[in-house]
Each structure stands twice: as C-alpha cells, then as structure tokens.
Amino acid sequence: MTFRTEDYTRSAAPVPLDDLDFAAFGARPLSPAGLRCLRYMTDVENHTVCYLRDLLVTPSHADPEITAFLTMWNYEEYWHGEALAAVLAAHGVTGGDDHIRAVRRALGWRDRVAPIRQALLAQTIGEDFIAVHMTWGAINEWSTHAGYARLVERERHPVLTELLRRIMRQETRHVAFYVSQARARLERSRRAQRLTRFALRRFWQPVGSTVMPRAETRHLLTYLLAGPEGERAAAGIDARVDRLPGLAGLDLVRRATAEAA
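Residues numbered from 1 in each chain as written. Predicted model: local features only at pLDDT ≥ 70, side-chain atom pairs only at ≥ 80, totals over all residues. Heavy atoms only, no water.

J.: Quick question: what am I supposed to make of unusual backbone geometry here?
T.: Comment: phi is negative for the bulk of residues other than glycine, and the bulk of peptide bonds are trans. In this structure, R156 is a non-glycine residue whose phi angle is positive, near 50°. Within the element layout of this structure, R156 appears in the loop between helix 8 (129-155) and helix 9 (158-187). Accessibility expressed as a relative area gives 61% for R156, which makes it exposed. With a phi close to 50°, D251 is a non-glycine residue in the positive phi region. Inspection of the secondary structure assignment puts D251 in the loop between helix 12 (227-242) and helix 13 (252-260). Exposure remark for D251: the relative accessible area of 27% places this residue in the partly exposed category. (Helix = DSSP H or I, 4+ residues; strand = E, 2+ residues; numbered from the N terminus. Buried < 20%, exposed > 50% of the residue type's maximum accessible area, 1.4 Å probe, protein only.)

Below you can see the structure in the form of structure tokens.
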C-alpha cells in the first residue's frame, strides 16, 4: 500500500489522554525496572527535535514530501514524550524542561558538532544519503514499536497498555513512511544499498544509545529483549531489515542485544 503523506499530515495529532486514569498508577505502580525503561523512552522521545535538527542539514531537507512528513513526525513524537512523562509524574518522577535541558547539556561537544559532521558526510554522499536516512529511520521505528510492545507484555498494566497501544498506532504510520521510502530508494540504486549496508554495519546503535548513558541502554535491552519472547522480538526486527533490498544478514538488533547481555 502506498503511503499517502497528505493524508498523514492532515490527521497527525497528539495522543489522547483525557480518558486515561493516571491515578491508577498510585494503587498499582510499574515495576522499578519497567519505570527505568519508561524514563529512557521518555528522554529519547523528547530528543526527537535534535535528531530532526541534524537531518535538516542533509539532502533530505530538499524533498518536500520528506520534510512534510518530518514536521508531523516530530509533532507527534513531542506528544509521545509528554504522554510518557505523565506516567512518570504519576510515579513521582520529576521531569519537565529542566530535566530535558540537562539531558541535552550532558551530551557536551558531541551534540554541538553533530549537525556539522552530519552535513559534511551527507553532502559528500549526495542523494543516496536519503536512502541511509530512511532505512535508519525504519529500523529505529521498528525498534521503538517493538520496545513499547515488550513493555506492555512485561508490565501488564491496563492504563500503560492502553496508552502505549495508542502511541504504537501512530508509530505504525511512521514505520510505513520510512519503509516505503527506504524500499523505493534502495531498489533503484545499488550504490544506495552499498552505502546503507556499510553505514548500518559500522555505525548503527540501538535507539537512544547516543543520548542515554550506556548502563541505561544495557538495562533497556536486557529487560525488553532478553529471554525467549525478547529474542523473538529482536529477530522480528532483523527479519524486516533482511527484506529490504541489499540488507540481508546484518543481524543488527540481535548483535546489539548479545553485546548488552
């Protein structure tokens, strides 16, 4: 099915929260391990605008369909962060602007040079960089969707389940855009396949691992992707990557999970 960007931009919206009983977390809180994962996920969702900043200095910014999608993608991801922060607040976990500011400042010089490095690399590669960007985005969205699904399975909290399912429905549309773009661009360019395969094998890391402390990434991967169910979720993401043109056999998520363990 062809992704219709115009339909998506007209229907993008915040995740509805008004009918959810966040007070239920007082009577039945999440596990400490689950809450720690949720803190990670919240911080990563709140960092989306910084990822967007880095992408807008690449050839992707010249494609109006991509920028239309990215505008609404960032809008929805902002509200995902706000929704998850509401769950943290129900547990007494502080957040807000001061916390977000601290997370960004902790990145130091790496964050300041990121858009410069990205711009130089992308302009050197040229148009085929967009295939790398779209494929990277597809894998990250697949990973995010799977992570939310696994948190639902592990915590089995009715309010969290309903909230994450609402977020996941929006993430499904994000996946659809990235995958449709990635597949089309990889199919028409062998160079794009080679560049994307090299970039993923050499530089891909789990979502948020460039933002969050290493111990937090390790905790997230082991809590959500360890054991038979987690291994199946990781294998499912890798199988989807295998089906993209020229990318079979990378085993990105399985290798990342094994390293974390």
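J.: Help me out: how do you make sense of the pattern of salt bridges in this one?
T.: Opposite charge on two side chains makes pairing possible when the charged atoms of those side chains draw close. Per the counting criterion, the structure on display carries 15 salt bridges. Between R36 and E216 there is a salt bridge, with its nearest N and O atoms 2.9 Å apart. Taken together, the residues R36 in helix 3 (residues 32-46) and E216 in helix 11 (residues 214-225) connect sequence positions 180 residues apart. D111 serves as the salt-bridge partner of R53, at 3.0 Å between the closest nitrogen and oxygen. One end of the pair, R53, is in helix 4 (residues 48-55); the other, D111, is in helix 7 (residues 109-125), with 58 residues separating them in the sequence. Shared partners join several salt bridges into a network, and the residues in it are D19, E162 and R166. (Salt bridge = Lys/Arg side-chain N within 4 Å of Asp/Glu carboxyl O.)

J.: In this structure, what is going on with the side chain of H174? I would like to understand it.
T.: Assignment of secondary structure puts H174 in helix 9. A distance of 3.2 Å separates a polar atom in the side chain of H174 from a polar atom in the side chain of Y8. Ignoring any residue separated from it by four or fewer positions in sequence, one finds H174 in contact with Y8, F69, W73, E76, E77, H80 and E141. (Polar contact = N/O pair within 3.5 Å; in protein donor to acceptor, adjacent residues only side chain to side chain. Contact = heavy atoms within 4.5 Å.)

J.: Hey, could you run me through the nonpolar core in this one?
T.: One recurring pattern in soluble globular proteins: nonpolar side chains tend to sit buried together. In terms of nonpolar packing, the biggest core is built from 68 residues, with L38, W142, L151, L163 and L164 touching the most fellow members. At the level of secondary structure, the elements contributing two or more residues to this core comprise helix 3, helix 5 (64-90), helix 8, helix 9, helix 10 (190-203), helix 11, helix 12 and helix 13. In terms of residues, this core owes the most to one element, helix 9, which gives twelve residues. If we skip the residues at most four places from it in the chain, W142 touches V175, V179, I237, R240, V241 and L244. (Core = buried A, V, L, I, M, F, W, Y, C linked by side-chain atoms within 4.5 Å.)

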